[in-house]
Amino acid sequence: MAESLPPLCYVDKSFYEFEKKAIFDHEWLCVGRESWLDEAGEYFTTTIVGEPILVTRGRDGVLRAMSSVCQHRGMLVAEGHGRKRSFVCPYHHWTYGLDGQLVAAPAMEKTCGFDKASASLPAFQVEVWEGFIFINFDPDAPPLAPRLGAVSEVVRNYRLAEAEGPRPGEPLHYPWNWKVMFENNNDGYHANKLHHGVLHDFVPSELAAFPTLPEDTAGYYRTNGTLHADASFNATQKAVLPLFPDLDMAGRSQMVFANLPPTLSLVLTSDMVIYMILRADGPESHYLDQGVLVAPGAMADPAFSYKMAMNMQAASDIIAQDLHVDELVQEGLRSRFAPRGRYSWQEGAQRVFNCWLVPRYRAQWQRQRAQQSP
């Protein structure tokens, strides 16, 4: 019997602290796009579950991710994004290389036992999948890509690593649990109900499909057939931007909604991909970096901005409906009458998401019990 998670999983502060250990301490977390770091010295910063993260490209061309917390007094060594030769803590001018190694610590020569080598910025595992950068706080976590076979196959013809798109603007901040956002992004059940009208009726809920995936999958997806080929979210209901060139007719006759929990959600159409990087920051809130990807060369079209505006106007209207619902769902989940609801077949992705979450919750529960045992 498939049913939703207990409401406290979305609202309870102590459960959020448990979830940070169960999920965010061990899973691969999307932080951005590799294209944001094309040249040596480029960097960007972000935060997930309150952890400040610094991602850089070294002079050797290697991508690295590390804590951006100075190992002296806790000051952040970098903000925003840009290009640097090194990172100088503005507080006391401890200086770190692009690889996170401490290279200078003024006036520390009289400090007994001080060792620069032991004061480097803590480093994280890094992996790139389809042009997206992932980090992992757990040094022993297994690689990501081998557990994404099914998702990699369904997005293969979009060639996301080569797709182009501007860096997202300022992050959005939403007052609801990150799982509420994930569930909505991949929910086929609500599409032709909440979004009924000319902007969405060509992607009918009854054409949603939820494939069976391996138990160890690190991501999941649904496909949704469209009533005509090359459907896109705009008033014409047809692609106005160049199609992703490797899509076959089957790919051009469906949309793909893919999630790599707990941070990356993708909506893939024949001419545009919307990606959302979710960054939890509390039991009932999260940040969102929202960006778009298009086929190589599409941005060179003098009319690109006008065509993109057509897509984004429709997408924004649809997203606004989703955001309103997400906020009210979060309010409802706080209620004493909030249920554990039964799922429709059109909510197959929610069942898969729960099957991803629950084993990780159980594993953390077992770890905590083992630590408490005498």
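Refer to the preceding data block for the structure.
Attention here is on the structure that accompanies the text. Worth saying up front: this structure is predicted, and the values here are computed from it rather than measured. (Residues numbered from 1 in each chain as written. Predicted model: local features only at pLDDT ≥ 70, side-chain atom pairs only at ≥ 80, totals over all residues. Heavy atoms only, no water.)

1. Structural notes on the packing of helix H2 (residues 13–24) against helix H8 (residues 348–372)
Applied cut-off: Here an axis means a line fitted to C-alpha atoms, over the contact stretch when the element is a helix, while the angle between two N-to-C directions is reported on a 0 to 180 degree scale. The numbering of helices and of strands both runs from the N terminus, where a helix is a DSSP run of H or I of at least 4 residues and a strand a run of E of at least 2. Angular relationships are summarised with four words: roughly parallel below 35 degrees, roughly antiparallel beyond 145, roughly perpendicular across 65 to 115, and oblique for the angles in between. It only takes one pair of heavy atoms within 4.5 Å for two residues to be counted as in contact. Residues were grouped as follows: Ala, Val, Leu, Ile, Met, Phe, Trp, Tyr, Cys and Pro as nonpolar; Asp, Glu, Lys and Arg as charged; and all remaining residues, including Gly, as polar.
The interhelical angle for the contact between H2 and H8, taken along N-to-C directions, is 95°, at an axis separation of 9 Å. Classified by the interaxial angle, the pair formed by H2 and H8 is roughly perpendicular. Listed contacts from H8 to Phe15, Phe18, Glu19, Lys21, Ala22 and Ile23 of H2 are Trp356, Leu357, Arg360, Tyr361, Gln364, Trp365, Arg367 and Gln368. Per-class residue counts for the contact of H2 with H8 are 8 nonpolar, 2 polar and 4 charged.

2. With respect to the side chain of Gln350
Secondary-structure assignment places Gln350 in helix H8. Once residues lying within four places of it in the same chain are set aside, the contact partners of Gln350 are Glu183, Asn186, Asp187 and Tyr343.

3. Quick word on the sheet that holds strand S15 (residues 264–268)
For the record, the criterion: One requirement defines pairing of two strands: DSSP has to find at least two bridges between them.
One open sheet accounts for 7 strands, arranged S11-S17-S16-S15-S14-S13-S12; its pairing is antiparallel. Both edges of this open sheet fall to strand S11 (172–174) and strand S12 (208–209), since each of them pairs with a single strand only. When strand S13 (residues 220–225) meets strand S14 (residues 254–260), the two strands line up antiparallel, connected through 6 bridges. Its bridge partner lying in S14, Tyr221 is registered against Ala258. Contacts between helix H7 (residues 304–333) and the sheet are confined to S11, strand S16 (273–282) and strand S17 (285–293), with S17 contributing the most and set at about 155° to the helix.

4. Things to note about the pattern of salt bridges
For clarity, the threshold we go by: Here, a salt bridge means any side-chain nitrogen of Lys or Arg that lies within 4 Å of a carboxyl oxygen of Asp or Glu. Think of it in three bands: residues with accessible area under 20% of the maximum for their type are buried, residues over 50% are exposed, and the middle band is partly exposed, with areas taken using a 1.4 Å probe on protein chains only.
One pass over the structure, following the stated rule, counts 14 salt bridges. Residues Lys20 and Glu17 are paired through a salt bridge, measuring 3.3 Å at the closest nitrogen-oxygen approach. Taken together, the residues Lys20 and Glu17, both in helix H2 and 3 residues apart, mark about one turn of the helix. Classification of Glu17 by relative accessible area gives partly exposed; the value is 36%. Here Arg57 ties to Glu34 by a salt bridge, and the two come within 3.4 Å at their closest N and O atoms. With Arg57 in strand S3 (residues 51–57) and Glu34 in the loop between strand S1 (29–33) and strand S2 (42–48), this residue pair connects regions lying 23 residues apart in the sequence.

5. Brief notes about unusual backbone geometry
Each neighbour pair has its own omega, and for Pro261 with Pro262 the value is 10°, a cis peptide bond. Among the structural elements, Pro262 can be located in the loop between S14 and S15. Phi at Val49 is positive, roughly 45°, even though this residue is not glycine. For Val49, the position within the fold is in the loop between S2 and S3.

6. Remarks on the sheet that holds S2
Within the open sheet, the 7 strands sit side by side as S1-S10-S9-S4-S3-S2-S5. Their pairing is antiparallel. Two strands lie at the open edges of the sheet, namely S1 and strand S5 (81–83), each paired on one side alone. When strand polarity is set aside, the average angle formed by the axes of neighbouring strands in this sheet is 30°. Pairing analysis gives 3 bridges linking S2 to S5, with the strands arranged antiparallel. Within S5, the position partnered with Tyr43 by the bridge is Gly82.

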